[in-house]
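Now for the letters of each chain:
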Amino acid sequence: MAAAFQQDAGTESGTTRGDRPAGSLAVVGTGIKMAAHITVEAKAWIEQAERVFFLVDGPVAAEWVRQLNSEAEDLAGLYGRGKRRLDTYKEMVDRILAAVRERQTVCAVFYGHPGVFVLPAHVAVRQAREEGFRALMLPGISAEDCLFADLGIDPAWHGSQSFEAMDFLLRPRRFDINTGLVLWQIGAVGTSNPP
């Protein structure tokens, strides 16, 4: 899969049609239950990538990613006490894109769904595309997916609304009291280290 993407992205000389540089990025999610929730496609990207960067939930998950690809590098070490999250996220994006710029097939792995509350995933994909590289994001099973299954509800019945919890408290939001409401990241409300 990754090899096919890289082959489509460029020729053996390292550039693509139209002088687009070789090197590619696939951002994937592990799902909430890691090995049980990861898609076959996402797992294939991890296994076949030349470089893998990951930010997952705990040491067991980290070891599992390393078993899939020996070139896997943990991004968790970029966090620091008192360090702004946005600074950490920028460093993550810089690390990921440095490998893409080296014309490598890169896979960035994030816990859950890489498009849900994972700013570095969105920034890396957007920036890679702006620089002319092939980049894609593959879904993972998100916390919301698990919520619907665990509670046995279907958002099609009455709809669904979701907000980031702090944003919901700080900004006047209109919401329908007859519709399910999901508040994300309640544990981060009132933290002293804003994004």
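Residues numbered from 1 in each chain as written. Predicted model: local features only at pLDDT ≥ 70, side-chain atom pairs only at ≥ 80, totals over all residues. Heavy atoms only, no water.

(A) The packing of aromatic side chains, seen in detail. Inspection of the entire model under this criterion finds three aromatic pairs. An angle of 40° between the planes, with centres 5.4 Å apart, marks the rings of phenylalanine 163 and phenylalanine 168 as tilted. Comparing phenylalanine 163 with phenylalanine 168 shows no difference in burial state: the two are buried. Here phenylalanine 168 and phenylalanine 175 contribute two aromatic rings whose centre-to-centre distance is 5.3 Å and whose plane-to-plane angle is 55°, an arrangement assigned as tilted. For phenylalanine 168, a relative accessible area of 17% translates into the label buried. For phenylalanine 175, a relative accessible area of 40% gives the class partly exposed. (Phe/Tyr/Trp six-rings, centres within 6.5 Å; stacked < 30°, edge-to-face > 60°. Buried < 20%, exposed > 50% of the residue type's maximum accessible area, 1.4 Å probe, protein only.)

(B) Structural detail: the environment of aspartate 74. Inspection of the secondary structure puts aspartate 74 in strand β3 (residues 72–74). With near-sequence residues (within four places) excluded, aspartate 74 lies in contact with Phe54, Ala62 and Arg66. For aspartate 74, the side chain forms a polar contact with the main-chain nitrogen of alanine 76, separated by 2.9 Å. (Helix = DSSP H or I, 4+ residues; strand = E, 2+ residues; numbered from the N terminus. Contact = heavy atoms within 4.5 Å. Polar contact = N/O pair within 3.5 Å; in protein donor to acceptor, adjacent residues only side chain to side chain.)

(C) Quick peek at the nonpolar core. The biggest cluster of nonpolar side chains holds 24 residues, and the ones touching the most others in it are Leu25, Val27, Ile96, Val106 and Phe110. Sorting the residues of this core by element identifies β1 (24–29), β2 (51–55), α4 (85–101), β4 (105–110) and α5 (119–130) as the ones contributing at least two each. Per element, the largest residue contribution to this core is seven residues, and it comes from α4. Excluding anything up to four places from it in sequence, valine 106 contacts Ser24, Leu25, Ala26, Ala49, Arg51, Phe53, Ile96, Ala99 and Val100. Within the second largest apolar cluster, 21 residues are counted, among which are Ile38, Ile46, Val56 and Val109. (Core = buried A, V, L, I, M, F, W, Y, C linked by side-chain atoms within 4.5 Å.)

(D) Local environment of α5. Here α5 contains 12 residues, and its C-alpha end-to-end distance of 17 Å stays within 8% of the 16 Å for a straight helix at 1.5 Å per residue. For α5, the complete set of buried residues consists of Pro120, Ala121, Val123, Ala124, Val125 and Ala128. Each element contacted by the buried residues of α5 is listed here: β1, α4, β4 and β5 (134–137). Immediately beyond the C-terminal end of α5, within one or two residues, lies glycine 132, with a positive phi of roughly 95°. (Expected span 1.5 Å × (residues − 1).)

(E) Here's a closer look at unusual backbone geometry. Even without glycine at this site, arginine 103 takes up a positive phi of about 65°. Within the fold, arginine 103 resides in the loop between α4 and β4. Even without being a glycine, phenylalanine 117 presents a positive backbone phi close to 60°. Mapped onto the elements of the fold, phenylalanine 117 is located in the loop between β4 and α5.

(F) Fine view of the pairing of strand β6 (residues 160–164). Here β6 shows a clear split, with Gln161 and Phe163 buried on one side and none of Ser160, Ser162 and Glu164 buried on the other. Regarding topology, helix α8 (residues 165–170) serves as the crossover connection from β6 to the parallel strand β7 (residues 180–184), and that connection is right-handed. (Right-handed = clockwise from strand over helix to strand, strands pointing away.)

(G) Molecular detail of the pattern of salt bridges. Enumeration over the complete set of coordinates arrives at nine salt bridges. One salt bridge connects aspartate 167 with arginine 171, and the closest N-O pair in it is separated by 2.5 Å. In this structure, a network of salt bridges that share partners links the residues Arg51, Glu73 and Arg95. (Salt bridge = Lys/Arg side-chain N within 4 Å of Asp/Glu carboxyl O.)

(H) A look at the packing of α4 against α5. The contact between α4 and α5 brings their axes to 9 Å, and the two run at 40°. It follows that α4 is oblique to α5 by the angle criterion. Between α4 and α5 the crossing geometry is right-handed. Residue-level contacts link Leu86, Tyr89, Met92, Val93, Leu97 and Arg101 of α4 to Leu119, Pro120, Val123, Ala124, Gln127 and Ala128 of α5. For the contact of α4 with α5, the class distribution of residues is 10 nonpolar, one polar and one charged. (Axes fitted to C-alpha atoms, helices over the stretch in contact; angles between N-to-C directions. Parallel < 35°, antiparallel > 145°, perpendicular 65-115°, else oblique. Left-handed = near helix turned anticlockwise from the far one by under 90°. Nonpolar A, V, L, I, M, F, W, Y, C, P; charged D, E, K, R; others polar.)

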